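What the coordinates show
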Amino acid sequence: MSQAAHPAPRSLAEALRARDDVSLAALLRSRPDLITPVPTDLTQLATRAGTRASVLRALERLDRFALQTAEALAVAPDPASYDTLLALMAGDAGDETVAAALPHALAGLREQALVWGDDERLRLVRTARELLAPSPQHPSPTGLGPSVQEATSGMSPGRIQEIVTAAGLPSTHDSVSAVTALTALFNHRKKMGRLLAGAPEPAREVLARLVWGPPYGQVTPEPAAHLRWLLDRGLLLPTAPGTVVLPREVALHLRQGRAHQVPEPLPPAVEPAAAHGPQVVDATAAGQAYTALATVEELLKDWDEGGPAVLRAGGLSVRDLKRTAVALDVSEPVAAFWVELAYAAGLIASDGEADERYAATPAYDEWLERPPAERWSQLAEAWLTATRTAGLVGGRDAKDRALATLGPGLDRSAAPEVRHRVLTLLAGLPAGAAPDTESVLARLRWERPLRGPRSRDGEEDLRSRLARWTLSEAELLGITGRGALSAHGRALLGAPAPGTGSRAASSTPEKIRSAAYAADTSAGGRAAIGPTEPSGPGDKLPVHHHPRPTPALAPLSPAEQSVATAAAARLLAPLLPEPLDHVLLQADLTAVAPGPLRRPLADVLDVLADVESKGGATVYRFTPASVRRALDAGRTATDLHAFLAEHSRTPVPQPLAYLIDDVARKHGHLRVGAASAYVRCDDDTLLNEILVDKRAASLRLRRLAPTVLAAQSDPATLLEGLRAMGYAPAAESAEGDVLIARAHAHRTPPRTAPEPVPDGPPPPDTTLLSAAIRAIRAGDLAATAPRRPAGSGAAPSGGELPRTSSAETLATMQAAVLTGESLWIGYVNAEGAASQRVIAPVKVEGGFVTAYDHTADEVRTYPLHRITGVAELAED
């Protein structure tokens, strides 16, 4: 497209007006804050795109080279040509890699409306220039200082003439021409070289210390001779008493034209640290996935009758977290991860009672009934999209308050994006390759250099910490195995299988995505819905796509994620061990479960025996207490013998049979009830033994009858005391029946999983984009349509609404009905919001005008009293 056909735009609004719908959609998709609410026209869109909050958000999402390009434009003349920008980025020597990558970076800045104008007049939006340009308060990342013109703005004309003369230039009649001549000298490579050749060696050392920044230094009221030499020639300029600065033009000469010491046009590659067979990775990940399921089940089983109390400020206490870690046999940070994961999946919540406690939700019971692979996929999907970050537990918030598990303050909106990006980087490695952690962190820092700077005490930035937590948590969940991404992990992302070129060729049966995302995006997940070539008028730069080691997979929509999650579950299912219906009983009163057990068997065995060790095989130990626990739950000795005989692949050992019979013989022989508490037994000899036993002193027993003893303690304490003495009492009800002590499952009311905290407005979908662009175009048509005076008045300008009297408005409307002409009107709706529209009146009656509204692209009826005025459109 030639310059003659489209003159250079004079503003960002004009540049946006010259874009096509595909380019506008790319802008709104990359900067969704611009569409909330939908702008009325392109002028308002341009204004919003230049606000500080929106520009800062866009800058934070630039990769390092795109940001370096913007920083170079911030120190270049405004406007700058493409050649000037190229010289700042590639230097006098001309770095070919930088030259090849620059068109792509510039196209991205144009797409996001951070840069506008043709190749001869490139302009960085004003707010971005203010944010990135060097100043004493906010040094530029380039290390450059102010220009000669900026540094001499407050200097006396006489002093400027002295500097010009000392630099070997003829004196001028005014300061403006003197500064221009000095700037031209500093920008001339040969003349500047001759000037510096005569500098004393200490002066050159001073320049070398300031050249890459910071450019400011301190001088005494009586500077040394070499400093005086620099000051006299303007190579150092005073900015405040005792402070000097190296002018930008001098620094660029010393840098050989480069704005950055180390341009980074290519992202650092993610290096593999180890390589494993894909089958080994998948098997290891599947084993971890099974362990994850078992751990979550154990956690919820431990909280089945009501978990820890909720702190007044919310969350778990440190003591309860330690107890949970001991119960799960893991460290406290890992225990916090499992608790937070169950919470994110909607499996636990607070019960909302007066004595508020955490407990399993009704969704937990439904989750237990699902196949293992589906249970895992629910946990994995919840983890992938959750903003709550377990790694923060134990730290301090901005108000120096401790961050507790399940407490407030753990949401980090960047967490889902970082998790997805880290796994995507793993997906870009060969199958079975585990990444080098530092190379992953370096890549993330290149992709988002402005996100999460290091704190003053040197603490790692948030994105790096999130990445480290992602790698460890993915291993715990079984998404990775031995550090490498598994096949079901790839499916969870919707990533293509190794060796295929697009997501559409993924191993998942469904087509997760129609290939709507460019594989060559720079910042990890930015969608491209049109060509990546520059789209502004006069943009003639060729696009040199520099290699990207890892394609950027955009996060899936909720519907697409559901399909991907189901595909991951199907890949994982064959790798998980099949639940067993048997155990191996041994003569040492133990039972070995060589794998996971089916639910009825596992539930009964958990009551009948105690878990002694876990791992690939679980070892259960039978004890008098565990057998008594099963009898208390309503089982009889006969039931237990039959159960063990049915589910054991080995004969029931004689010691175990004797143990069951012995405990059952004593069980219930003593009865404990409420008196405050009492003990009754048909065998008065047994009661005599208890009375004379010194260990019963704390129970304060006394005989009420030959077969009844009364106690001063409650029934529960009495039961525990007698059992500690070696007896096997049973509790009884007020009617004298034996109480069956079945576990009572405590559940919360129905609860929904916590909603992730969004990282800004969500990306608009295609339907919203189409409607928004249509509305913006129509509003812009109404705002920019040429008008002619209505009646004797002049057509308003500058976006003002037309103003005419009621009589003039009515007459103009009636005339337009007869002629079929379109009109420009100002309209105020019932909420008081004013807008301008282009309408073609069809009928005027009863105080209303019915017209085709070009802005809304439909026929509407407007009350005449809400129309502020009307103007006819110009004939052209």
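A brief structural summary. Just so it is clear, the model here is predicted, and its values are computed rather than measured. (Residues numbered from 1 in each chain as written. Predicted model: local features only at pLDDT ≥ 70, side-chain atom pairs only at ≥ 80, totals over all residues. Heavy atoms only, no water.)

1. Re the overall build of the chain
Per the secondary structure count, the chain includes 33 helices and 26 strands. Evaluated residue by residue, the chain yields a buried proportion of 48% over its 876 residues. Long-range pairs, those at least 24 residues apart, make up 67% of the contacts in the chain with a sequence separation of at least 6. Of the roughly 40,400 Å² of accessible surface on the chain, 55% is carried by carbon and sulfur atoms. (Helix = DSSP H or I, 4+ residues; strand = E, 2+ residues; numbered from the N terminus. Buried < 20%, exposed > 50% of the residue type's maximum accessible area, 1.4 Å probe, protein only. Contact = heavy atoms within 4.5 Å. Areas by Shrake-Rupley, 256 points an atom, 1.4 Å probe, with all protein chains shown as cover.)

2. Quick notes on the pattern of salt bridges
Summed over the entire model, instances satisfying the criterion amount to 31 salt bridges. We note a salt bridge from Arg388 to Glu340, for which the minimum N-O separation is 2.8 Å. Placement of Arg388 in the loop between α20 (372-385) and α21 (415-427) and of Glu340 in helix α18 (residues 332-344) is noted, with a sequence separation of 48 residues between them. Take Arg388: its relative accessible area is 13%, and that puts it in the buried class. According to the relative accessible area criterion, Glu340 is buried, its value standing at 5%. For the salt bridge of Glu845 with Lys843, the shortest nitrogen-to-oxygen distance reads 3.5 Å. Since its relative accessible area comes to 47%, Glu845 is described here as partly exposed. Judged by relative accessible area, Lys843 falls into the partly exposed class, the value being 40%. (Salt bridge = Lys/Arg side-chain N within 4 Å of Asp/Glu carboxyl O.)

3. Overview of the sheet that holds strand β5 (residues 243-245)
Spatially, β3-β5-β4 is the arrangement adopted by the three strands of the open sheet, whose pairing is antiparallel. The sheet terminates laterally at β3 (216-218) and β4 (237-240), the two strands that pair on one side only. Averaged over all neighbouring strand pairs, the angle between strand axes comes to 40°, with direction disregarded. Note: β4 against β5, three bridges, orientation antiparallel. Bridge pairing in β5 links Leu237 to Val245. (Pairing = 2+ DSSP bridges. Axes fitted to C-alpha atoms, helices over the stretch in contact; angles between N-to-C directions.)

4. Structural notes on the nonpolar core
By size, the foremost hydrophobic cluster in this structure holds 90 residues, and its most contacted members are Phe186, Leu235 and Leu236. At eight residues, helix α5 (residues 64-75) tops the list of elements feeding residues into this core. With residues near it in sequence (within four places) discarded, Leu235 still touches Phe186, Met192, Leu195, Leu196, Leu207, Trp229, Leu230, Val245, Leu246, Pro247 and Val250. (Core = buried A, V, L, I, M, F, W, Y, C linked by side-chain atoms within 4.5 Å.)

5. Digging into the environment of Arg482
Structurally, the position occupied by Arg482 is in the loop between β10 (480-481) and β11 (484-485). For Arg482, a relative accessible area of 46% gives the class partly exposed. Not counting chain neighbours up to four residues away, the residues in contact with Arg482 comprise His276, Val280, Thr284, Ala434 and Glu475.

6. Considering the sheet that holds strand β15 (residues 618-621)
Read across the sheet, four strands follow the order β12-β13-β15-β14 without closing on themselves; strand pairing throughout is antiparallel. The sheet is open, and its two edges are formed by β12 (584-586) and β14 (610-613), each paired on a single side. Between one strand axis and the next, the sheet turns by 30° as a mean value, whatever way the strands run.

7. Details of the side chain of His647
Locating His647 in the fold gives a position in helix α28 (residues 637-647). Here His647 falls in the buried class, since its relative accessible area comes to 16%. Within polar-contact distance, the side chain of His647 engages the backbone oxygen of Phe643 at 3.1 Å. (Polar contact = N/O pair within 3.5 Å; in protein donor to acceptor, adjacent residues only side chain to side chain.)

8. So, the environment of Leu864
With respect to the helices, strands and loops of the structure, Leu864 is situated in the loop between β25 (858-863) and β26 (867-873). In this structure, the C-alpha to C-alpha distance between Leu864 and Gly846, residues 18 residues apart in sequence, is 9.2 Å. Once residues within four sequence positions are removed from consideration, Leu864 is found in contact with Leu810, Met813, Val844, Gly847, Phe848 and Val849.

9. Quick look at the side chain of Asp351
Take Asp351: it is sitting in the loop between β7 (348-350) and β8 (358-360). No salt bridge is formed by the buried Asp351. Its closest oppositely charged neighbour is Arg357, at 6.2 Å. A polar contact of 3.1 Å, which involves the side chain of Asp351, links it to the backbone nitrogen of Glu353. Those residues in contact with Asp351 that sit more than four places away from it in its chain are Glu356, Arg357, His746, Thr748, Pro749 and Arg751. (Lys, Arg positive; Asp, Glu negative; His and termini not counted.)

10. Section: helix α13 (residues 201-210)
Looking only at α13, the buried set comprises Ala203, Val206, Leu207 and Leu210. The buried residues of α13 occupy an angular sector of 95° when projected down its axis, which confines them to one face. Pointing more than 90 degrees away from the buried face of α13 are the exposed residues Ala208 and Arg209. (Arc of directions from axis to C-beta.)

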